[in-house]
Amino acid sequence: MTEQQRKKLLDELLAKQKAGTLKPADRYAIPPQEMPAQDGVVRRGNVSEVATGYTQTQARLEAMRCLQCKTAPCVAGCPVGIRIKDFIVEIANGNFGAALDIIRENSLLPAVCGRVCPQEVQCQLPCTVGKKFKDVDKAVSIGRLERFVADWAESKHSESTPAVAAETKKKVAIIGSGPGGIVVAADVRRAGHDVTVFEAFHKTGGVMVYGIPEFRLPKKIVKQEIETLEKMGVKIVCNYIVGRTKTIRQLFEEDGFDAVYIGVGAGLPMFMSIDGEHLVGVYSANEYLTRANLMRAYDFGKGADTPIAQSKRVAVFGGGNVAMDSARTAVRLGAEKVYLVYRRSEKEMPARVEEVHHAKEEGVEFLLLQNPKRILGDDDGRVRAVECLKYELGEPDDSGRRRPVPIQGSEFEIEVDTAIVAIGNGCNPLIGQTTPDLEMNKWGNIIVDEKCKTSIEGVYAGGDIVLGAATVILAMGQGRTAAAAINEYLETK
Ligand SMILES: Cc1cc2nc3c(=O)[nH]c(=O)nc-3n(C[C@H](O)[C@H](O)[C@H](O)COP(=O)(O)OP(=O)(O)OC[C@H]3O[C@@H](n4cnc5c(N)ncnc54)[C@H](O)[C@@H]3O)c2cc1C
């Protein structure tokens with residue numbers, strides 16, 4: 001459909017709406033609006049964002065597809081309960097600012113969530129339109145609409161700095177500047193408290209900056225959120241590792257903080273415990289992506305001095321978003337062949353469908369129902385190949401997914417110079433080791449109550465360190481809960 005045809009269709013629909021003759025059948029007949037994107041071959045050579053965003057006409061047409069169901073099943077599918085149908089109707093009517101205001105009631109980071117939330121298993125899954133077509137891909141594209149209004153506001157420079165209440169002189173320390181930490185910082189600062197964010201890295205933003213690549217989430221979006229915090233008067237201290245630079249107890253006793261939020265994420269990479277993981281050329285996905293994202297390997301050497309090997313043949317192990325991000329980053333860093341090795345079938349892959357689709361378009365080769373048995377090195381201790389085993393699917397396991405069963409004797413080799421392990425992340429034990437009395441479970445996750453309060457008075461926690469490796473929106477949701485509890489605690493303290 002051309003933009004002109006879209007405009008014509010939108011005018012016809014709006015005329016019918018005005019006349020009160022717009023029927024659900026008219027809405028079903030609107031073609032789902034495809035997200036414009038960079039060509040798959042072109043984008044192998046750059047790190048610019050893949051999806052370029054809806055035009056205004058596309059956004060309004062997509063919004064017109066929403067049936068405005070009374071029961072709004074989409075809201076039940078949103079972890080933070082955004083009033084989805086209300087913001088969508090504003091978009092349909094061209095009131096983009098009003099739409100953003102509605103989203104912002106529940107989500108502080110719409111430009112981020114519109115891009116990276118797994119909508120296909122959240123708000124879009126129960127969408128009535130998708131159900132009618134028996135295809136979740138045909139559900140109303142709620143995430144794209146959320147992104148559209150956030151980008152629209154950005155282009156109009158219509159974002160204003162949230163108001164801050166009178167200073168209370170109460171001090172709150174936030175450990176970690178990921179999505180959870182950002183939300184807590186904003187909500188607690190709004191109540192007039194003195195907020196300092198301590199971040200271990202030299203850059204803020206957590207996984208949104210060091211993990212998720214530029215081509216999926218441009219860094220300038222997160223930078224703007226951090227700048228907004230600074231304009232609100234939040235202090236940001238980088239290169240500060242709580243547990244090493246100072247402990248939580250020292251923050252209370254020496255620095256006079258009244259409350260602490262722990263939002264340190266789950267940044268401890270897991271390995272496979274197979275032979276050859278010590279070889280030169282084996283990376284954890286965390287290390288690989290951090291080097292690429294924070295040391296500007298994505299700039300292709302223009303002013304970047306990054307110690308990432310110039311890989312030509314890469315194998316990535318895993319089937320989640322982290323594996324997709326690693327494989328797609330390797331493509332952009334110049335690898336000629338990138339394999340994604342996953343032990344189940346594509347159906348069981350935890351990665352977002354869109355990421356899988358984009359990875360394939362960019363030439364990543366999927367080796368499904370296969371898993372590495374060992375990594376083989378050359379005489380210099382560098383990776384030269386991976387020995388894999390073939391698998392078949394057996395009975396479902398505890399996760400409900402069919403268990404992969406190795407086929408004995410099916411070993412084969414793939415020649416690679418780099419192997420990236422992307423099979424998941426655990427919790428960094430540092431905070432637990434240096435904070436006596438902080439209750440944690442056997443996996444190292446901090447235990448909290450429904451208000452995100454930990455076992456220590458005045459200490460709250462949320463995001464991946466509580467939930468295990470989860471999602472941006474869940475970290476944000478817990479940040480909201482924790483901030484409300486901190487504000488309540490400081491009011492009564
Ligand atoms: C590669 C990758 C891709 C992902 N893709 C998606 C996606 O598409 N959609 C989605 O919803 N989710 C995705 N996720 C998951 C999502 O990013 C996380 O769930 C989310 O960022 C967790 O937020 P958080 O606030 O708990 O902490 P994080 O974002 O993990 O941030 C924690 C911060 O704390 C800092 N820190 C750690 N220890 C200390 C310390 N001792 N002192 C001071 N600072 C410390 C860290 O440096 C970090 O900056 C992805 C994750 C990865 C790794």
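Note that this is a predicted model, so its numbers are computed, not measured.

Where side chains of opposite charge bring their charged atoms close, a pairing between them can arise. Counted under the stated rule, the structure contains 37 salt bridges. When the shortest N-O distance is used, the salt bridge between arginine 43 and glutamate 362 registers 2.4 Å. Separated by 319 residues along the polypeptide, arginine 43 in the loop between helix H2 (24-28) and helix H3 (56-64) and glutamate 362 in the loop between helix H16 (353-361) and strand E9 (365-368) bring together distant segments of the chain. Under the relative-accessibility criterion, glutamate 362 is labelled buried at 0%. Between aspartate 151 and arginine 115 there is a salt bridge, and its shortest N-O distance comes to 2.9 Å. Separated by 36 residues along the polypeptide, aspartate 151 in helix H9 (residues 142-155) and arginine 115 in helix H7 (residues 110-116) bring together distant segments of the chain. Given a relative accessible area of 24%, aspartate 151 falls into the partly exposed group. Since its relative accessible area comes to 10%, arginine 115 is described here as buried. Through salt bridges with shared partners, a single network forms among Arg43, Glu120, Arg216, Asp325, Arg328, Arg332, Arg352, Glu355, Glu361 and Glu362.

With that settled, consider the domain arrangement of the protein chain. Each domain of the protein chain was delimited in the assignment, giving domain 1 (3-155), domain 2 (171-267 + 427-492) and domain 3 (269-425). Here the C-alpha centroids of domain 2 and domain 3 sit 30 Å apart. Between domain 2 and domain 3, the contact holds 15 residues from the first and 14 residues from the second. Overall, the association of domain 2 and domain 3 removes approximately 1,300 Å² of surface from exposure, summing both partners, and the carbon and sulfur fraction of that is 56%.

This part takes up helix H12 (residues 219-231). For an α-helix the count is 3.6 residues per turn, leaving residues at separations of three or four pointing the same way. Spanning 13 residues, H12 covers 18 Å between terminal C-alpha atoms, matching the ideal 18 Å at 1.5 Å per step. For H12, every residue scored as buried is listed here: Lys219, Ile221, Val222, Glu225, Ile226 and Leu229. On its buried face, H12 sits against helix H6 (96-106), H7, helix H10 (179-190), helix H11 (207-210), strand E3 (235-237) and helix H14 (285-294). After H12 finishes, the residue glycine 233 shows a positive phi value of roughly 100 degrees.

Reading the values: rules and limits
- The residue numbers shown here count from 1 along each chain, following its written sequence.
- Restriction of local features to residues with pLDDT of at least 70 applies here, the model being predicted, together with a cutoff of 80 or more for giving and counting side-chain atom pairs; totals for whole chains, interfaces and linings are based on all residues.
- Excluded from the side-chain calculation are hydrogens and water; included are all heavy atoms of the structure.
- Salt bridges are counted wherever a side-chain nitrogen of Lys or Arg sits within 4 Å of a carboxyl oxygen of Asp or Glu.
- The numbering of helices and of strands both runs from the N terminus, where a helix is a DSSP run of H or I of at least 4 residues and a strand a run of E of at least 2.
- Whether a residue is buried, partly exposed or exposed follows from its accessible area with a 1.4 Å probe, protein chains only, as a fraction of its type maximum: under 20%, in between, or over 50%, in that order.
- For every domain, the bounds stem from an assignment made automatically or drawn from a database.
- Any two residues whose heavy atoms approach within 4.5 Å are treated as being in contact.
- A simple way to read buried area is as the amount of 1.4 Å-probe accessible surface that goes missing from two parts once joined, with both sides added.
- In a helix, the anticipated span is given by 1.5 Å times the number of residues less one.

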